[in-house]
Amino acid sequence: MPDDIPDFIAPPPPPERPLRADRNPLTPPPPPAAPPPAVEKPSLLDRLRPRAARRPEPRFGVSVAGAGAAMIVVGAIALGGDQLVDTGGGSGSQYPGLLITFVVIVAGVTLTAQYRHGPLAAAGVAASAAALPPFLVFLTFSKTSPTSFNTILLLSCVGWGAAYLVSPGRGHNVYLGAALIGLWLWFLEVTEHVFLFPTGLFSAIAGVASVGTFDGSSSSSSFGVRASPSATAVGLYTIGFAAIYLVVARALDRREQRGIATPFTFAGVLTLIVGIAALGDDLQQIGIGVAFTIAGFVLVYLGATEGRRATNWIGAILVFAGITIVVADPFDTPTAFGLAEIVVGGGAILLAHWIAAQFQEPPETEPVLSRFYNVGSVQPSGPPPPPAGSVLV
């Protein structure tokens, strides 16, 4: 109906600001703000660096300070042991030794908390590590029962392991090496009682001497004399520990963790030698010589391919000792032995030259690890390798 349509419609009010068209309506919106970077929790090896990745260099001050710390621990043991013994004027006491060794441990930990490197740090590590077992001996000492060596060794391993991982002196190889050796000794004590047997035997002898007979009234009855440890079992167990330690050391070296691999290598070399020596009665002279020779070749190879000088030279000494033991077995006169030793020694030299030349081992003046090529499909890559074997001047 026309009467319902107004004559005029007012326009809408103008905007407060004039409208402007976007020059580029396809421009994407600005990207959202980047989230804050995630904080990565450091791994165990990160916490131990740089000592886990790199072996510490030999230093005059560190070595002498370590020797001095060992002297302090020996003095503390002597003082505490002297007070432990009954001198006739009264019963001995374990508390002086307990207090002295505790003070040495606290002083050592304090030094490692204050000094990260240098002689004082080394002295703190050596003192705290060496004083822990005697402290536990004084702590658990009893006049009516034998010393629990397996408990002492186990607690020492736990303490050394904790010191290596979380103490102010974490990462020091002395702690880890002590824990590895202590773990081996603890296993031998649990299985073969290598420490408890001498203690019980000496106590039994003392009891027989005091009463004139070995019966229930003897003081040794409170200790008990166990069967003597089996040298065969000790040797086999020890060689097993050596194999584990050397394999772990090899794997760590391959991962460029040479610092943490060093105590494993040391413990592996030590247990390997002790294990073979413990099997002497079973292997006889030729067998022990062959075992030392094989072990020597293994250590020479590991030392050469992983750049471990001490391992390399210890292996060479074992090769010399093992072959010499074998050569000496069939001869009764020094002359015959001397001639045979010269011939076999010359053969060893020729064998070494042939291996180095045939498998292209680099010369010792090149700053590279030993690698042996021409083995199957293994060939050198990159630039031509330096002359191998014995190079003429």
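The structure presented is a predicted model; accordingly, all values stated were derived computationally and were not measured.

Overview of the pattern of salt bridges
Step number 1: Tallying each qualifying case throughout the model produces 6 salt bridges.
Step number 2: Between Asp253 and Arg308 there is a salt bridge, with the nearest N and O atoms lying 2.9 Å from each other. With a gap of 55 residues between them, Asp253 in helix α8 (residues 231-254) and Arg308 in the loop between α10 (280-306) and α11 (309-328) connect regions that are remote in the sequence.
Step number 3: Assessed through its relative accessible area of 6%, Arg308 is described here as buried.
Step number 4: For Arg258, the salt bridge identified is with Glu306, shortest N-O distance 3.8 Å. Of the two residues, Arg258 is situated in helix α9 (residues 258-278) and Glu306 in helix α10; the sequence distance between them amounts to 48 residues.

Thoughts on the packing of helix α2 (residues 60-84) against helix α3 (residues 95-114)
Step number 1: Viewed as axis vectors pointing N to C, α2 and α3 meet at an angle of 165°, and their least axial separation amounts to 7 Å. By the criterion of interaxial angle, the relationship of α2 to α3 is roughly antiparallel. In the crossing of α2 with α3, the sense of the turn from one axis to the other is right-handed. Contacts between α2 and α3 involve Ile72, Val73, Ala76, Leu79, Gly80 and Gln83 from the first element and Pro96, Gly97, Ile100, Thr101 and Val104 from the second.
Step number 2: In terms of residue class, the contact of α2 with α3 is made up of 7 nonpolar, 4 polar and no charged.

Let's talk about unusual backbone geometry
Step number 1: Backbone geometry at Glu256 places phi at a positive 65°, although glycine is not the residue there.
Step number 2: Relative to the helices and strands, Glu256 is located in the loop between α8 and α9.
Step number 3: A relative accessible area of 48% places Glu256 in the partly exposed class.
Step number 4: At Gln284, a position not held by glycine, the phi torsion is positive, near 65°.
Step number 5: Tracing the sequence through the fold places Gln284 in helix α10.
Step number 6: Under the relative-accessibility criterion, Gln284 is labelled exposed at 51%.

Side note on the environment of Leu139
Step number 1: Mapping Leu139 onto the fold places it in helix α4 (residues 119-140).
Step number 2: Relative accessible area serves as the criterion here: at 44%, Leu139 is assigned to the partly exposed category.
Step number 3: Between the C-alpha atoms of Leu139 and Phe102, which are 37 residues apart in sequence, the distance is 9.9 Å.
Step number 4: Excluding its chain neighbours within four sequence positions, the residues that come into contact with Leu139 are Gln94 and Leu98.

Quick notes on helix α12 (residues 334-358)
Working note: α-helix, 3.6 residues per turn, so residues spaced by three or four point in the same direction.
Step number 1: With 25 residues, α12 ought to run about 36 Å at 1.5 Å a step, and its terminal C-alpha atoms sit 36 Å apart, in line with that.
Step number 2: Just past α12, the residue Gln360 takes up positive phi, approximately 55°.

Overview of the confidence of the model for the chain
Step number 1: Taken over all residues, the pLDDT of the chain has a mean of 82, while the share at 70 or more is 78%.
Step number 2: Counting interchain partners and residues more than four positions distant, the pLDDT-below-50 stretch residues 204-224 has 24 contacts.

A word on helix α6 (residues 173-192)
Step number 1: Here α6 is 20 residues long and its end C-alpha atoms lie 28 Å apart, about the 28 Å a rise of 1.5 Å per residue gives.
Step number 2: Looking one or two residues past α6, His193 carries a phi angle of roughly 55°, positive in sign.

Remarks on a nonpolar patch on the surface
Step number 1: Residues Leu99, Phe102, Val103 and Val106 make up a contiguous nonpolar surface patch of roughly 360 Å² in combined accessible area.
Step number 2: Mapping Leu99 onto the fold places it in helix α3.
Step number 3: The exposure class of Leu99 is exposed, given its relative accessible area of 55%.

Rules behind the numbers
Each chain carries its own residue numbering, running from 1 in the direction its sequence is written. A pLDDT threshold of at least 70 governs which residues receive local features in this predicted model, and a stricter bar of 80 or more applies before side-chain atom pairs are shown or counted, although totals over entire chains, interfaces and linings include all residues. Water and hydrogen atoms were dropped before computing side-chain values, which therefore reflect all heavy atoms in the structure. A pair is scored as a salt bridge if a Lys or Arg side-chain nitrogen falls within 4 Å of a carboxyl oxygen belonging to Asp or Glu. The numbering of helices and of strands both runs from the N terminus, where a helix is a DSSP run of H or I of at least 4 residues and a strand a run of E of at least 2. The buried label applies to any residue whose accessible area, calculated with a 1.4 Å probe on protein chains only, is under 20% of its type's maximum; exposed applies above 50%, and partly exposed to all values in between. Angles shown run from 0 to 180 degrees and are taken between the N-to-C directions of axes, each axis being a line fitted to C-alpha atoms and, for helices, limited to the stretch in contact. The scheme is simple: roughly parallel for angles under 35 degrees, roughly antiparallel for over 145, roughly perpendicular for 65 to 115, oblique for anything else. Put simply, a crossing is left-handed when the front helix is turned counterclockwise from the back one by less than a right angle, and right-handed when it is turned clockwise. Two residues qualify as a contact provided that any one of their heavy atoms is within 4.5 Å of a heavy atom in the partner residue. Each residue receives one of three labels: charged for Asp, Glu, Lys and Arg, nonpolar for Ala, Val, Leu, Ile, Met, Phe, Trp, Tyr, Cys and Pro, and polar for the others, Gly being one of them. Expected span of a helix, by definition, is 1.5 Å for each gap between consecutive residues, and there is one gap fewer than residues. As a per-residue quantity, pLDDT reports the predictor's confidence and falls between 0 and 100. Each patch is built from residues that are more than 30% exposed by relative accessible area and take part in no salt bridge. Like charges join if they lie within 9 Å; nonpolar side chains (Val, Leu, Ile, Met, Phe, Trp, Tyr) join within 5 Å. Accessible surface area values rest on a Shrake-Rupley calculation with a 1.4 Å probe, where residue burial reflects the displayed protein chains alone.

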